[in-house]
Amino acid sequence: MSDRVKIFLLLLPALSFIVLLFFGGLAIGLLRSFNYMPLIGLLEPNLEAYASIFTSSEFLRSFLLTFHIAFTSTVISSVLAIGAALLLRRQFLGRAVVNFLFQLNLTVPHLVGAIGILYLFSQSGTFARLAAEFGMIARPRDFPALVFDPYAIGIILQYVWKEIPFIGVIVLANMQSLGEDYESVARSLGATRWQAFRYVLLPLIFPGVLSASVIVFAFTFGAYEIPAILGANYPAALPVLAYRKYTDVDLAARPEAMAMAIVIALLSAIMIYVYVRYTRRRIRS
Amino acid sequence: MTQVSLRDLTKVYQGEFEPSLDRLSLEIDSGELAALLGPSGCGKTTTMKMIAGLLEPTSGDVQFDGRSILHEKPEKRGVVMVFQNYLLFPYMSVAENIGFGLKMRKVGKLETSRRVGEMLDLVKLPDLGNRRPSELSGGQQQRVALARALIVEPDVLLLDEPLSNLDAHLRFEMRDLIRGLQQELGITTIFVTHDQEEAVVLADKVALILDGRLKQYAGAEEFYNRPVDEATARFFGGQNFVAGSSDGSRFESALGSLDLPEGAASGKGKLTFRPENVRIGDSASATNRMTASLAEKLFMGTQTRLKLRIGGELIDAIANPNEVAEFSKGDEIEISLPPSSLWVLAN
């Protein structure tokens, strides 16, 4: 048996899972989004579902909200993660403990974190009660709306909390493998601390930051459970809206749900494509 | 033109007890090219980083022209350090790398590109400005690193192992380039190396550091002819150490009674002399003559190494291959040790 055949056979179990579940699901979704459902007699594929969602103001508002959630969470977590990595790469007393605490919530499920946010930040939550207790506000429900709010602050808080260590660990490993010599060179050539960061360290860690933040963006754009728990009813995040359409009593809403899911998948695919192209160009140069 | 002095410079790294550098004091004159020489891990690079402000000393002082610079930030010291592995910024072109220091100083684009051009000429890479560092050979990267340092017109230039990553033929080219530029620009330059040959060919003065301490700071020849102790002599390839005693003019040992040069130390100690200074052949007028038996002979192309037995001592000698062609193992050879080549290391 040639090596090539052996490698193919060894990869087959894993590959069949990926191909069947991922591409299979994607293919069925795609067909349904084109209104192709032989079970209920729909045999003529068309673009009605897409036309319907792209002209619906609900979809557009959801799309913008979801983009806002994904973009804002990604930018805030990336910036804070870089800051945390800059601190954690230094030697200081208790570094191991801080490092452990920093990475602790990597193991906490998103859902558990969301419940925590709910308990702490909602208008009947701990912070609202404390603020009322100390006379900062008259009643707990005067507390600013941070959960179920139109700006999705609760959702973004949850994602930032969860993604800082994720991006941070990647960036920290990146910084540690680079060492500090490049910045030393820059300092010795006349760069201030800030310039050494801006013109030397940042460009060097940028590919790592980018890869981590693309993953975070694609995840936060497509995730359902957090906006379902912490989001406002209207406008709802895209995955929530898609799920509502999917479970609608009207079967005709299903192609729209699938069309939304395809839009989410397409956006993730575009992100990955841009990322791969960009990093390839960088690596080549 | 800047005179650099190190005063009792000491570094103990966090979590360690032994100092990596122990009270190093050195004066490097303005415009001089000095080498810090020592085996790896002896504190050389640590010293450089402390001069450049990239590492804080545990105690001691670094002074430029008599003024302490320890409180100055690295970018304000007028010191540029060139690292051993060059560390060119991989995402910038060669020209951008060289112009980096000027960009940090907010020098205009036109002025920068003019000076980058000058630097590229100076290091003899006039056409490579648009290349990426990864497209350059090791020697070319080294020159770019040098140009990137020189463009900011530093008062003091620090070079970390400037020749050790280069092939033999490039080393001579680079040595000539560094020496030439250093002489032309008159920059006080300090470089570190673990290779005594590199130190000897490049430096005006050499500081030998062993186990974190300064052994000797002198011109290169002194290390060969007047080493301060056996470890120093051995570092420079000295192999002959004969125990005995000196009265200041003669040395009594297993080799017999030998004439010493003026100013030799007296008391119990060791006599040392370089293998290449052992004279082979019968010369009636020579002083310190003796007869040796040839214990070993190794032809090495341009020279022949000999081991000679005299009165129970085994000494090393290096000879011209033609002079010793007729001798073979076990033969008796007349040799002499000119007094000027002898040096006494007092105990």
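Keep in mind the model is a prediction, meaning the values are calculated, not measured.

Chemist: Is there a simple way to explain the overall build of chain A in this structure?
Modeler: Of the regular secondary structure elements, chain A holds twelve helices and zero strands. Ordering the α and β elements of chain A from the N terminus gives α-α-α-α-α-α-α-α-α-α-α-α. Projected onto its principal axes, the C-alpha coordinates of chain A cover approximately 75 × 75 × 35 Å. Expressed as a percentage of its 285 residues, the buried residues of chain A come to 40%. Sequence-distant contacts, at least 24 apart, represent 70% of the contacts inside chain A between residues at least 6 apart. Surface summary for chain A: the accessible area is close to 16200 Å², and the carbon and sulfur share equals 70%. Averaging the coordinates of the 22 positive side-chain charges in chain A and doing the same for the 15 negative ones gives two points 10 Å apart.

Chemist: I'm lost on the overall build of chain B in this one. Help?
Modeler: Helix and strand content of chain B: nine helices and 20 strands. Over its C-alpha atoms, taken along the principal directions, chain B stretches across nearly 75 × 45 × 35 Å. Within chain B, the fraction of its 347 residues that count as buried is 50%. Counted over contacts in chain B with a minimum sequence separation of 6, partners at least 24 positions apart contribute 67%. Surface exposure of chain B reaches about 15900 Å², of which carbon and sulfur atoms provide 46%. For chain B, the distance from the average position of its 39 positive side-chain charges to the average position of its 49 negative side-chain charges is 5 Å.

Chemist: Any chance you could explain unusual backbone geometry here in plain terms?
Modeler: Glycine aside, negative phi is the norm for most residues, and most peptide bonds take the trans geometry. A:Tyr234 connects to A:Pro235 through a cis peptide bond whose omega is -5°. Topologically, A:Pro235 is positioned in the loop between α10 (225-230) and α11 (238-246). The residue B:Asn288 is not glycine, and still its phi comes out positive at about 55°. Inspection of the secondary structure assignment puts B:Asn288 in the loop between β15 (279-280) and β16 (289-299). Given the relative accessible area of 8%, B:Asn288 is considered buried.

Chemist: Can you help me understand the interface of chain A and chain B in this one?
Modeler: Where interface size is quoted, it is often the accessible area lost as the parts come together. In this assembly, 20 residues from chain A lie in contact with 27 residues from chain B. The contact between chain A and chain B buries some 2000 Å² in all, and 63% of this surface belongs to carbon and sulfur atoms. Of all residues in chain A, A:Tyr182, A:Ser188 and A:Leu189 bury the most surface against chain B, accounting for 32% of the area lost on that side. At the junction of chain A and chain B, the tally comes to two salt bridges. Its salt-bridge partner being B:Lys49, residue A:Asp181 comes within 3.6 Å of it at the nearest N-O pair. Our count for the contact surface shared by chain A and chain B stands at six residue pairs in polar contact (both at pLDDT 80 or more). Per-element tally for the side of chain A that touches chain B: the top contributor is helix α8 (residues 181-188) of chain A, with seven residues. Of the residues contributing to the side of chain A that touches chain B, the split by class is nine nonpolar, seven polar and four charged.

Chemist: Would you mind going over the packing of aromatic side chains with me for this structure?
Modeler: Two descriptors summarise a pair of aromatic rings, namely the distance from one centre to the other and the angle between the planes of the rings. Counted under the stated rule, the structure contains 18 aromatic pairs over all chains. Taking the centre distance of 6.1 Å and the plane angle of 35° together, the rings of A:Phe59 and A:Phe63 count as tilted. Taken together, the residues span about one helical turn, with A:Phe59 and A:Phe63 both in helix α3 (residues 57-88) at a distance of four residues. Ring geometry for A:Tyr182 versus B:Phe89: centroids 6.2 Å apart, planes at 40°, classification tilted. Taken together, the residues A:Tyr182 in helix α8 and B:Phe89 in the loop between β6 (79-82) and α2 (94-98) connect one chain to another. By relative accessible area, B:Phe89 is classed as buried at 0%. Above the plane of the ring of A:Tyr199 lies A:Arg198, whose end atom (NZ or CZ) is 4.7 Å from the centre.

Chemist: Any chance you could explain the layout of surface pockets here in plain terms?
Modeler: Picture a little ball the size of a water molecule; that probe, rolled over the atoms, points out where space is still empty. Put simply, the largest pocket is a space of about 1400 Å³. If you go around the largest pocket, you meet 29 residues; those closest to its centre are A:Arg90, A:Glu180, A:Ser184, A:Arg193 and B:Leu54. Grouping the amino acids of the lining of the largest pocket by side-chain chemistry returns twelve nonpolar, four polar and 13 charged.

Chemist: Can you walk me through empty space enclosed by the protein in this structure?
Modeler: Residue and element names in this part refer to chain B. Inspection of the entire model under this criterion finds five cavities of 30 Å³ or more. Considered as a void within the structure, the largest cavity measures approximately 100 Å³ in volume. If you go around the largest cavity, you meet 13 residues; those closest to its centre are Tyr224, Asn225, Pro227, Phe273 and Arg274. Breaking the lining of the largest cavity down by element, the ones donating at least two residues are α8 (220-225) and β14 (266-273). When residues in the lining of the largest cavity are grouped by element, the largest group, three residues, is from α8.

Chemist: It is not clear to me how the pattern of salt bridges should be interpreted in this structure. Could you clarify?
Modeler: A side chain of one charge can pair with a side chain of the opposite charge when the charged atoms of the two come close. On inspection of all chains with the given rule, the structure shows 26 salt bridges over all chains. Here the salt bridges do not stand alone but share partners, grouping B:Glu111, B:Arg114, B:Arg115, B:Glu118 and B:Glu153 into one network.

Chemist: What exactly am I supposed to notice about a positive patch on the surface here?
Modeler: A grouping of A:Arg90, A:Arg193, B:Lys73, B:Lys76 and B:Arg105 is seen on the molecular surface, where their side chains present a positively charged patch. If you trace the backbone, A:Arg193 turns up in helix α9 (residues 193-222). For A:Arg193, a relative accessible area of 60% puts it in the exposed group.

So, how was this worked out
- Residues numbered from 1 in each chain as written.
- Chains lettered and ligands numbered in written order.
- Predicted model: local features only at pLDDT ≥ 70, side-chain atom pairs only at ≥ 80, totals over all residues.
- Heavy atoms only, no water.
- Helix = DSSP H or I, 4+ residues; strand = E, 2+ residues; numbered from the N terminus.
- Buried < 20%, exposed > 50% of the residue type's maximum accessible area, 1.4 Å probe, protein only.
- Contact = heavy atoms within 4.5 Å.
- Areas by Shrake-Rupley, 256 points an atom, 1.4 Å probe, with all protein chains shown as cover.
- Lys, Arg positive; Asp, Glu negative; His and termini not counted.
- Charge placed at Lys NZ, Arg CZ, Asp CG, Glu CD.
- Buried area = accessible area lost by both parts, 1.4 Å probe.
- Salt bridge = Lys/Arg side-chain N within 4 Å of Asp/Glu carboxyl O.
- Polar contact = N/O pair within 3.5 Å; in protein donor to acceptor, adjacent residues only side chain to side chain.
- Nonpolar A, V, L, I, M, F, W, Y, C, P; charged D, E, K, R; others polar.
- Phe/Tyr/Trp six-rings, centres within 6.5 Å; stacked < 30°, edge-to-face > 60°.
- Lys NZ or Arg CZ within 6 Å of the ring centre and 35° of its normal.
- 1 Å grid on protein atoms, 1.4 Å probe; cavity = no way out; pocket = protein on both sides within 12 Å on 5 of 7 lines; lining within 4 Å.
- Points joined across faces, edges and corners; volume = space filled by probe spheres on them.
- Patch = residues over 30% accessible without salt bridge, like charges linked within 9 Å, V, L, I, M, F, W, Y side chains within 5 Å.

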